[in-house]
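The residues making up each chain are set out below.
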Amino acid sequence: MRFRHPDGSTVHLAYCTNVHPAETLDGVLAQLRDHCEPVRRRLGRDRLGIGLWLAKDAARALVTDPAALRGLRCELERRGLEVVTLNGFPYEGFGAEEVKYRVYKPDWADPERLEHTAALARVLAGLLPDDVTEGSISTLPLAWRTAYDDARAETARTALRTLAERLDALEDLTGRSVRVALEPEPGCVVETTRDAIAPLTAVGHDRIGICVDTCHLATSFEDPDTALDDLARAGVPVVKSQLSAALHAEQPHLPEVREALAAFAEPRFLHQTRTSPALDPARAGGTPVAAGLRGTDDLDEALAGDALPDTGPWRSHFHVPLHAAPAAPLTSTLPVLTSVLTRLVGGPHPLTRHLEVETYTWQALPPELRPRGRAQLADGIAAELTLARDLLTDLGLKELP
């Protein structure tokens, strides 16, 4: 979906296909047929943007076989779909029964992360529509926080500098500009937008910027205005933003709230949980994860006894559907998304032109909330995109055909 900003530029809205994980190129082609085109039809649009997730095997198939890449491009066009952004965070196995910590491997100290991301950039340059010259790729925020020392940090910085050089060369060759965005996530080396500033300024190249995921930002209790002001002062570009909402519990000390939260503790994905307690640090449970924050790596850990202080609200990294907040006594952080979006595209010029709805947890929801079959999933994704579209038009953007 495309929108005209009041300044005349085009803002792209997509939804991320990691909600329908596939490891192979054949699986990706099936996604387009079984999921993406039906979503487009529900929206009544001739064109729908998708944020494509390509696992390592699918990416390698495309980058080593020009005919396969042309075939994918033709299939996108045939089904009324377009790609301007890729989700390069998961490497493989995102559809496994247990993902958890595996999603953070390989990290940016591993040469395979560089090679995979460079391959994705070459693929994206070949998939961009004829009238689009800029693409984006979101990626792992360096590494999970453990086992990351100064030597690995320097290796990661070198890899990102090398990537920037390859992206320069790619534009020289193809005329297509691809930028890569570190996506801060709770528990990672880069947990917050502020954590991103030092490594990105050390890399020192505008090809490498940040992806602002609004669920992650909210989970870490970041203030949107402060976060975006800090990035602007540091000269860190917002390459893309993922529109997502976290799980919010206002009164986690209440038994009924804990019971409601427990329904979202599931075995597939990590649901890092954070709180900002006004307590003496000596009395606060949980792991200190950022200034003023305590946290656990997963929701079930937070619910175990007094693992986290419960005097203030809890937020959990669980991407809940944008259009359907959880039932009371829980809610979502959709207001944070709205605030971020207002800053990103509601001003005189957009701070980013690539927006991606990323709710990959539909099948991880409590059983009674999960879609029953493809049709209900398509309905839900279309409803999320409709909400995002309405937020954009309320900000003065005009939807394009």
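Above this text you will find the structure in question.
Residues numbered from 1 in each chain as written. Predicted model: local features only at pLDDT ≥ 70, side-chain atom pairs only at ≥ 80, totals over all residues. Heavy atoms only, no water.

Draft legend 1. Just the overall build of the protein chain, in detail. Along its length, the protein chain carries 12 helices and 16 strands. C-alpha atoms of the protein chain, sized along the principal axes, occupy 60 × 50 × 45 Å. Split into buried and exposed, the 401 residues of the protein chain put 59% on the buried side. Entry remark: accessible area of the protein chain is about 15400 Å², with carbon and sulfur atoms responsible for 51%. Here the protein chain contributes 43 positive and 58 negative side-chain charges, whose respective centroids are spaced 4 Å apart. (Helix = DSSP H or I, 4+ residues; strand = E, 2+ residues; numbered from the N terminus. Buried < 20%, exposed > 50% of the residue type's maximum accessible area, 1.4 Å probe, protein only. Areas by Shrake-Rupley, 256 points an atom, 1.4 Å probe, with all protein chains shown as cover. Lys, Arg positive; Asp, Glu negative; His and termini not counted. Charge placed at Lys NZ, Arg CZ, Asp CG, Glu CD.)

Draft legend 2. Structural view of the pairing of strand β5 (residues 134–139). For β5, the buried fraction is high: 5 of the 6 residues fall into the buried class. Examined bridge by bridge, strand β4 (residues 81–87) and β5 share 3 bridges and lie parallel to one another. Its bridge partner lying in β5, leucine 86 is registered against isoleucine 137. Taken together, β4, helix α4 (residues 111–127) and β5 form a β-α-β motif whose crossover is right-handed. The pairing of β5 with strand β6 (residues 177–182) spans 6 bridges and is parallel. Residue isoleucine 137 lies in a different strand from β6, and its bridge partner there is valine 180. Since β5 and β6 lie parallel, the crossover through helix α5 (residues 150–174) that links them has a hand, and here it is right-handed. (Pairing = 2+ DSSP bridges. Right-handed = clockwise from strand over helix to strand, strands pointing away.)

Draft legend 3. The arrangement of the pairing of strand β13 (residues 314–320) in detail. Of all 7 residues that make up β13, 7 are buried, and the element is covered over most of its length. Of the two faces of β13, the one lined by Trp314, Ser316, Phe318 and Val320 and the one lined by Arg315, His317 and His319 are each fully buried. In this sheet, β13 lies alongside strand β10 (residues 273–275) in antiparallel orientation, the contact comprising 3 bridges. Within the sheet, the bridge partner assigned to threonine 275 lies in β13 and is tryptophan 314.

Draft legend 4. Region of the structure containing helix α3 (residues 66–78). Between its first and last C-alpha atoms α3 spans 18 Å; for 13 residues at 1.5 Å apiece the expected length is 18 Å, and the two agree. Buried residues of α3: Ala68, Leu69, Leu72, Arg73, Glu75 and Leu76, and no others. Taken down its axis, α3 places every buried residue within 160° of arc, on the same side. Turned more than 90 degrees off the buried face of α3, the exposed positions are Pro66, Arg70 and Arg78. Among the structural elements, α1 (25–43), β3 (48–53), α2 (56–64), β4 and α4 are those in contact with the buried residues of α3. (Expected span 1.5 Å × (residues − 1). Arc of directions from axis to C-beta. Contact = heavy atoms within 4.5 Å.)

Draft legend 5. Spotlight on the environment of glycine 49. Within the secondary structure layout, glycine 49 lies in strand β3. Sequence-distant contacts of glycine 49, that is, excluding residues within four places in its chain, are made with Met1, Leu13, Ala14, Tyr15 and Glu82.

Draft legend 6. Fine view of the nonpolar core. Counting 119 residues, the largest nonpolar core has Leu13, Tyr15, Trp108 and Leu385 as the members making the most contacts within it. It is helix α12 (residues 374–394) that contributes the most residues to this core, 9 residues altogether. Residues contacting leucine 13, with those up to four places away along its chain left out, are Met1, Phe3, Gly49, Leu243, Leu355, Val357, Leu385, Ala388, Arg389 and Leu392. (Core = buried A, V, L, I, M, F, W, Y, C linked by side-chain atoms within 4.5 Å.)

Draft legend 7. Region of interest: the pattern of salt bridges. Taken as a whole and assessed by the stated rule, the structure comprises 34 salt bridges. A salt bridge links glutamate 115 to arginine 166; the nearest nitrogen and oxygen atoms lie 3.2 Å apart. With glutamate 115 in helix α4 and arginine 166 in helix α5, the pair connects residues that are 51 residues apart, well separated along the chain. For aspartate 229, the salt bridge goes to arginine 343, with nearest N and O atoms at 3.0 Å. (Salt bridge = Lys/Arg side-chain N within 4 Å of Asp/Glu carboxyl O.)

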